[in-house]
Amino acid sequence: MNRTANHPQATLLLRHASMVATMDGTDRELRDASVLIRGQTIAAIGPAAELAIDADQVLDCRDCVVLPGLINTHHHFFQTLTRAVPAGQNAELFDWLMLHYPIWQALTPEMIRVSATTAMAELLLSGCTTAADHLYLYPNGSTLDDTIEVAVEIGLRFHATRGSMSVGQSSGGLPPDALCEQEDAVLRDCERLIDTWHDGADQAMVRIALAPCSPFSVSEGLMRDTRRLARDRRVRLHTHLAENQRDVDYTRERFNCTPAQYCERLEWLGDDVWHAHCVKLDSAGIAAFAASGTGVAHCPSSNMRLASGIAPIRAMLDAGVPVSIAVDGSASNDGSHLLAEVRQALLLSRVGGNPAALSAREALQCATRGGARVLGRSDVGVLAPGMAADLAVFDLNGVGFAGAGHDPLGALVFCAPAQARHCVVNGRVVVREGELQTLDLPAHLARHRALARNLVGTDLLRGNA
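Residues numbered from 1 in each chain as written. Predicted model: local features only at pLDDT ≥ 70, side-chain atom pairs only at ≥ 80, totals over all residues. Heavy atoms only, no water.

**Remarks on the packing of helix 5 (residues 220-233) against helix 7 (residues 259-266)**
Then comes step 1: With their axes 10 Å apart at the nearest point, helix 5 and helix 7 run at an angle of 55 degrees to one another. Classified by the interaxial angle, the pair formed by helix 5 and helix 7 is oblique. The crossing of helix 5 and helix 7 is right-handed. Side by side, helix 5 and helix 7 meet where Glu-220, Met-223, Arg-224 and Arg-227 of the first sit next to Tyr-262, Arg-265 and Leu-266 of the second. (Axes fitted to C-alpha atoms, helices over the stretch in contact; angles between N-to-C directions. Helix = DSSP H or I, 4+ residues; strand = E, 2+ residues; numbered from the N terminus. Parallel < 35°, antiparallel > 145°, perpendicular 65-115°, else oblique. Left-handed = near helix turned anticlockwise from the far one by under 90°. Contact = heavy atoms within 4.5 Å.)

The structure is reproduced here in structure tokens:
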């Protein structure tokens, strides 16, 4: 019978990989190995000679490293339309946001869809198979459904977080009042999205999390009500926390406590919660996160770009905090390449003077099984029989890897970030030979560029705030 990869019993063989890095508890690294996929699940991993079977599809992985699909735990897809805006290139977080809020007020549902498609394409091409996106503003009729529908179409495993802002400038918050929502409307939409889209089963392709934006844009009441709703409906919680010193100062002044204490007060700690950034998380906060199993999305490039500082990742890992890797917003990172972010995490950890602060394998662990733990998943992040068939394949024959064959896995992190040769999501080959299979990328990017030009005004392009 001629089967396709979408048939529940179709087989796909990734054959003769130079290395298969399982990222499992034993961190097995198999040389000259193959991976057999049946339907949407990994069926077997082992020496290529022992898996020399006829399969419905075969991917030749000679001179390649095979990894679990990388996992991105925090992003803002809509920001691909506002990359490198000149007026914001030298701004810290609060000033940068104040510049961008007026631009984002003009976002339309089409812009949300097109920008999300661009971000997802870039992630998949970098070997990322699972991503969480934080959409926290909904102007001009936009909804989170606009982003979810794109994920279903392009083939990315997706955690859509329903963000919100309810405290505008007139009430002491940072965003314009026009970008804030009524809190009862936010909660109603959260329930609608859970009912419509959330899938709590193993190997689910879409899950919903609830994500009030930040202490400087959301009330304590909405934080508490969102937490109650999330725990009642058994979905996860997410927000920004302790991103830079001004963020910490705002929390101290408005709530008379540290960011970690604020989380404790609101019961926003637990193994169903993860926070983005945590650059300024203090030692007491690290201890509280570790004791409660609260996760962190580490965003090294964005933290550097906005001069926010260096998150204490080594201290977090040593304490037992679940740590993952994220690219953050496409306008505060200006890229959506998760393997590049893994490299940045390693390098930034060493800036303080400790060359062993984070190893290549530790950084990759954060981006695979670390990301799975932070998102509450036991079905991705590791290559093993029975796991979801999410894999990234990187070719080591390029000029950037010349001379680095001594340690293929280490080379992926230390050398210039590579694009994925193949990317498999849920048993489906979404990237083949470096080409996205689920999107006409050149035509899409032409539309993306046109929308970006329309969104960003001439004065901002010239660098005038």
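**Concerning the sheet that holds strand 13 (residues 295-298)**
What links the strands of a sheet is backbone hydrogen bonding, and the strands pair in either a parallel or an antiparallel sense.
Then comes step 1: The sheet built from eight strands is open, its strands ordered 6-8-9-10-11-12-13-14 with parallel pairing. What marks the edges here is a single partner per strand, and that holds for strand 6 (70-72) and strand 14 (323-325). Here the average twist between neighbouring strands, direction ignored, is 25 degrees.
Then comes step 2: Where strand 9 (residues 157-164) meets strand 10 (residues 206-212), seven bridges bridge the pair, whose relative direction is parallel. Along strand 10, the bridge assignment pairs Ser-164 with Pro-212. (Pairing = 2+ DSSP bridges.)

**Details of the packing of helix 3 (residues 144-154) against helix 4 (residues 183-197)**
Then comes step 1: Where helix 3 meets helix 4, the axes come as close as 11 Å, and the angle between the chain directions of the two elements is 20 degrees. The orientation of helix 3 relative to helix 4 falls into the category roughly parallel. Pair helix 3 / helix 4 crosses with right-handed handedness. Contacts from Leu-144, Asp-145, Ile-148, Glu-149 and Val-152 of helix 3 reach helix 4 at Arg-192, Leu-193 and Trp-197.
Then comes step 2: Within the contact of helix 3 with helix 4, the residues separate by chemical class into five nonpolar, no polar and three charged. (Nonpolar A, V, L, I, M, F, W, Y, C, P; charged D, E, K, R; others polar.)

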